[in-house]
Amino acid sequence: MYFINEKIEKAVGIKKVALVLKNCNVVNVFSNEVVHGDLAVDGDIIIGMGNYIGKTEIDLKGKYVAPGFIDSHVHIESSMVSPKEFARAVISRGTTTTIVDPHEIANVCGINGIKYMMEETEDIPLNVFFMLSSCVPATNFETSGAILRAEDLKELIEDKRVLGLGEMMNYPGVINRDKEVMDKLSLAQNYNKIVDGHAPTIKGNELNAYSISGIKTDHECSDLEEMNEKIRNGMYIAIREGSAAKNLETLIKGVNSKNERRIMFCADDRHPDDILKLGHMDNCVRRAIGNGIDAIAAIRMATLNAAECYKLDRVGAIAPSYKADLVILEDLKNVKVDMVIKDGKIVFNNNQILMEIGKKIDISKVINTVNIQKVTMDDFRLKLNKEFSNIISVSSNSIGTKNIERKINTDNGEFKCELNDGINKIAVIERHKKSGRIGLGLVENFGLKMGAIASTVAHDSHNIIVLGSNDEDMMKAVNELERVGGGITVSLDGKIIDTLELEIAGLMSSKSMEYVAEKVGKMIAVCHEILGVNKDVEPFMTLAFLALPVLPEIRITDRGVFDVLNFKFLNI
C-alpha cells in the first residue's frame, strides 16, 4: 500500500519524481498522437505527463520519446556474439526487449545451451524473454547435438522469462498429429503459454489445423496473400528483416489501418555487420516510415503490438504505471536513436553505453563442441557411377536453391573440380558424436575458383560444412575448425588464410561485435577477391543455409544430398 500511496503522491505532484524529461514530444501508441510536454519517471515506471519537478531534469529540446523497441523473434546466435555483447549492440539502437528462441545453441548443446543463454541475460539492461526451442533436431534427416522432447522442456516452462514454445517448424507434424509435437503443444497449453509459428506457404484447411493447435504467430510470410490469410486466422505476423531473409519491402505494402494491430517486426537472423551499420528494430521502423507507413503506426508495430501478442504486462507504451523503457529519437523520419532509458535509468547517451552489461559466468558446458575424427583428403573423394548428377544450384542474392541435373566429367569415375568448370565439391561432417559420418555433394553458381571455406554455423544442426575447389584445402579447413573449437575459416594452397573463432558452441564469439563484424568482412572480401566467389553470393551465410533440409529445393546434411520437395535422399 505504501508503494501505491507514494506513486499516487508523485503522480499528483506532491512529491518530487526521480527524473523529468522536459520539453519532449511523446509518441502515444494508444491515442495515435504525439503529445508535447514533460514526462515524469520514478524508479522503473512512468508516472505520467504534466507539470512535475524532478531530482534530475533533462531538457530534450523537442526530441521524440517513444516506447523502447521490441524484437518479436530473434536468434541471438546469428549475431555471432555472446548474448551480453548482442545486448550491448541492440540497446544502443533502441531495442529494450527481445523475444529469443535459442534454437541454434539448443541444437548443439541441448538444455545446457538454453540455460547458458538464460543465465548470461540475467540482470542486464535488456528484457530478454525466451521461447523454448520446439524443433531440436529440426528434422530427422540430419544429426544434431541434442534431442529435446516435451519432458525436457518442462524443466524450464515455468520460468518467469519463458513465454512459451519457440517456432514450430514441423508443421507437417502438427497437421499429422505427431505424438512428440502434440506433447509439446500440450505442454504449452497446460501452462497457458504462447506458441510461435513457422509455416511458409501453408494455407487453407492445413492453415486452419495449424492455427487451431494454438499457434499464435508467424514470421515466414513472403507475400501479401499469405500474410492476410494468416491474419484472418487470428495470427500475429512478425515482418522479418534479417540478413538472409528480408520480407519488409514486400509485406509493408499490405499494412493498413485495418490490419496494423496484428503486425510486429522481428530480426530473426541478423548478422553483426547489418546490426552495426543498418540497425536493429530502429531499422525496421525507419524502413516502414520510408515506405509510407505512418510514423506512430510503425512505432506501434515495434512496441505495443508485440507486447500485447506476448502478454507482456505494462510494456510497449508510454502511460502511467508502464515500465520506463524509453527511446529518445531526434526525429520521426530518420529514427536516429539519441538516448535510451531502461527501467528508468539512462543506459545509452552521447553514443556510449553507460553501464557494464552482464557478469562473468561459467561457459564450460557450451565450449569444446567440435567432436570429430581428423579428416584426410580421402574423406572428400567423390566417386560417381553415372554420367549425370544432381547439383545444388545456388541462387543469386538468395538462400534458395534449385535441383539441377548436370553432365559430370570424371577421372576414372572420380569427380574433379578442375574438370567441371563452375562446380564445387561440398561436404557436411557430423561434429557432435564423432561418428565419422560425412555427406558429399556438388554445388554450382557459388563461384569459388580456388581454396576452400568452412564453418560450424550450418543450420540447423550446425555440423561442419565445407565447400572447396580441391580436397587438400577442404581437409585443412575442417581440421582448423576442430583445432579452434568452431568458427569460420578460409584455406588456400594448403594453408589457413584466416579464421574467426566461435568458441561458444561453434556459433558465437566472446569478443566484441565490432571485432567480429570487421573479421567477417575481411574474410568475405578474401572470398570474393581472391577465391573468386560470385559477388552476388554472401559466402558464409549462403554456405550455412545449404545444410538446412527444410528449405527448398535441395540441401545437404551429414547423411547426404537431400531432395526437400520429395523428402528423400538422392544418390548423386
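Residues numbered from 1 in each chain as written. Predicted model: local features only at pLDDT ≥ 70, side-chain atom pairs only at ≥ 80, totals over all residues. Heavy atoms only, no water.

Considering all chains together, one arrives at 6 aromatic pairs under this definition. The interplanar angle of 75° and the centroid separation of 6.1 Å between the aromatic rings of F141 and F569 together place this pair among those described as edge-to-face. Here F141 is found in the loop between β8 (127-132) and α5 (150-153), whereas its partner F569 is found in strand β30 (residues 568-569), with 428 residues between them in sequence. For F569, a relative accessible area of 33% corresponds to the partly exposed category. The side chain of R262 reaches across the aromatic face of Y236, ending 3.9 Å from its centre. (Phe/Tyr/Trp six-rings, centres within 6.5 Å; stacked < 30°, edge-to-face > 60°. Helix = DSSP H or I, 4+ residues; strand = E, 2+ residues; numbered from the N terminus. Buried < 20%, exposed > 50% of the residue type's maximum accessible area, 1.4 Å probe, protein only. Lys NZ or Arg CZ within 6 Å of the ring centre and 35° of its normal.)

Together, E119, E122, D123 and D362 line one region of the surface with negative charge. For D123, the position within the fold is in the loop between α4 (111-120) and β8. (Patch = residues over 30% accessible without salt bridge, like charges linked within 9 Å, V, L, I, M, F, W, Y side chains within 5 Å. Areas by Shrake-Rupley, 256 points an atom, 1.4 Å probe, with all protein chains shown as cover. Salt bridge = Lys/Arg side-chain N within 4 Å of Asp/Glu carboxyl O. Lys, Arg positive; Asp, Glu negative; His and termini not counted. Charge placed at Lys NZ, Arg CZ, Asp CG, Glu CD.)

Time to look at the side chain of D274. With respect to the helices, strands and loops of the structure, D274 is situated in helix α11 (residues 272-277). For the buried residue D274, which engages in no salt bridge, the nearest side chain bearing the opposite charge is K246, 4.3 Å off. Apart from residues no more than four positions distant in its own chain, D274 is found in contact with S243, K246 and G279. (Contact = heavy atoms within 4.5 Å.)

In an α-helix there are 3.6 residues to a turn, and that puts residues three or four apart on one side. Compared with the 20 Å implied by 1.5 Å per residue over 14 residues, the 20 Å span of helix α15 (residues 471-484) between its first and last C-alpha is a close match. Here α15 starts with a cap whose side-chain oxygen sits 3.2 Å from the backbone nitrogen of E472, and that cap is N470. (Expected span 1.5 Å × (residues − 1). Polar contact = N/O pair within 3.5 Å; in protein donor to acceptor, adjacent residues only side chain to side chain.)

A separate point is the sheet that holds strand β28 (residues 554-557). The sheet built from 3 strands is open, its strands ordered β28-β29-β30 with antiparallel pairing. With one partner strand each, in any of the chains shown, β28 and β30 form the two edges of the open sheet. For β28 and strand β29 (residues 560-563), the ladder comprises 4 bridges, and the chain directions are antiparallel. Within the sheet, the bridge partner assigned to R555 lies in β29 and is F562. (Pairing = 2+ DSSP bridges.)

This brings us to the pairing of strand β16 (residues 345-349). The pairing of strand β15 (residues 337-342) with β16 spans 4 bridges and is classified as antiparallel. From the neighbouring strand, M339 faces β16, where its bridge partner is N349. Hairpin geometry of β15 and β16 is characterised by an intervening segment of 2 residues between the two adjacent antiparallel strands and by a positive phi of about 55° at D343. Examined bridge by bridge, β16 and strand β17 (residues 352-353) share 2 bridges and lie antiparallel to one another. Across the sheet, residue F348 finds its bridge partner in β17, namely I353. Hairpin connection from β16 to β17: 2 residues lie between these consecutive antiparallel strands, with N350 at a positive phi of about 50°.

With that out of the way, let us pick up the domain arrangement of the protein. Frequently, the measure chosen for interface size is the accessible area that the parts lose on association. Structurally, the protein comprises domain 1 (66-353) and domain 2 (377-569). Each partner contributes residues to the interface: domain 1 has 36 residues there, and domain 2 has 38 residues. Here domain 1 packs against domain 2, burying approximately 2900 Å² in sum over the two surfaces, 68% of which is carbon and sulfur. It is M80, F141 and T143 that lose the most area in domain 1 upon contact with domain 2, and together they represent 27% of the buried surface on that side. Counting across the domain 1 and domain 2 interface gives 1 salt bridge. Between R88 and E514 there is a salt bridge, with the nearest N and O atoms lying 2.5 Å from each other. Listing elements by their share of the side of domain 1 that touches domain 2, those giving two or more residues are α2 (83-91), α3 (103-109), α4 and α11. Per-element tally for the side of domain 1 that touches domain 2: the top contributor is α3, with 6 residues. Looking at side-chain class alone, the side of domain 1 that touches domain 2 contains 17 nonpolar, 12 polar and 7 charged residues. (Domains from an automatic or database assignment. Buried area = accessible area lost by both parts, 1.4 Å probe. Nonpolar A, V, L, I, M, F, W, Y, C, P; charged D, E, K, R; others polar.)

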